[in-house]
Amino acid sequence: MKIGKIYDISMELSGQTPEWPGDIPFQYELAATIEQSGSVNVGKVVTSTHIGTHVDAPFHYDNDGIKINELPLDCYLTTAQVADVRGKTEITRSDLPVVEKGVTAILLKSDSWKDRSKFPETWPLFDPSIAEWMTENGIKLLGVDVPSVDTEHSKDLPMHMAMNRHGRFILEGIVLDEVPAGVYQLAALPLKIKGADGSPVRAVLYT
């Protein structure tokens, strides 16, 4: 298979990557250097499972939900359609495009997270009707370019719960700034962490 243009739609992970308020910040350090070990550098990572560009497992918001190591991988290695929803404060099913043939993931480009070094003060509201629209159109995965499909202070998580009821999956924190609307191949595989509620991913789109 010949791969054309590749778009890296992942946030960089560093000490400057903003965590969800109150969550665990990302930290990488050398636990051992070549000078200390005599042969290799060995790194140590401390982080939340929901830092930067990441996948939510249903277990994140449902104690009976499947965990990250149980997710269907075809959802994250598939054909995706980027939809331009910039300028909207609320996104509903009426804002979504006609789905192109073969597409099973929809990625919403809101362009509302301008400074990725800071946690955003606000982002668009995603209406739970989107989950129903996804089911009707054979869409398994929703990707958003903001920290969450629900608002920062929501406790009932209406969008997460709607996605769970419809058996749909969630990819958050993608970076679509340079990606035009259209159809691409998506690779955004989570780490195989047994029992986990989420995982950072290296997400790419390619033609």
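Above this note sits the structure.
Residues numbered from 1 in each chain as written. Predicted model: local features only at pLDDT ≥ 70, side-chain atom pairs only at ≥ 80, totals over all residues. Heavy atoms only, no water.

Enquirer: How should the sheet that holds strand β9 (residues 141-144) be read in this particular structure?
Expert: Note on sheets: strands pair through backbone hydrogen bonds, and any given pair is parallel or antiparallel. Spatially, 9 strands are ordered β1-β13-β11-β5-β7-β9-β10-β4-β12 in an open sheet, and the strand pairing comes out mixed. Across the chains shown, the open sheet's two edge strands, defined by having one partner strand only, are β1 (6-8) and β12 (198-200). Neighbouring strand axes in the sheet, compared pairwise and without regard to direction, differ in orientation by 25 degrees on average. Taken together, the 4 bridges between β9 and strand β10 (residues 169-172) define a ladder with parallel strand orientation. When the bridges of β10 are listed, Val-144 appears paired with Glu-172. (Pairing = 2+ DSSP bridges. Helix = DSSP H or I, 4+ residues; strand = E, 2+ residues; numbered from the N terminus. Axes fitted to C-alpha atoms, helices over the stretch in contact; angles between N-to-C directions.)

Enquirer: How should I be thinking about the packing of aromatic side chains in this particular structure?
Expert: How two aromatic rings sit relative to each other is set out by the distance from centre to centre and by the angle between their planes. Inspection of every chain in the model, using the stated rule, returns 4 aromatic pairs. Where Trp-20 meets Phe-119, the ring centres are 5.2 Å apart and the plane angle is 75 degrees; that geometry is what we call edge-to-face. Of this pair, Trp-20 sits in the loop between β1 and β2 (27-32) while Phe-119 sits in the loop between β7 (105-109) and β8 (125-126), placing them 99 residues apart in sequence. Judged by relative accessible area, Phe-119 falls into the buried class, the value being 19%. Consider the rings of Trp-20 and Trp-123, whose centres lie 5.9 Å apart with planes at 65 degrees: the pair is edge-to-face. Linking Trp-20 in the loop between β1 and β2 with Trp-123 in the loop between β7 and β8, this pair joins segments that are 103 residues apart in sequence. Linked through ring pairs, Trp-20, Phe-119 and Trp-123 together constitute an aromatic cluster. (Phe/Tyr/Trp six-rings, centres within 6.5 Å; stacked < 30°, edge-to-face > 60°. Buried < 20%, exposed > 50% of the residue type's maximum accessible area, 1.4 Å probe, protein only.)

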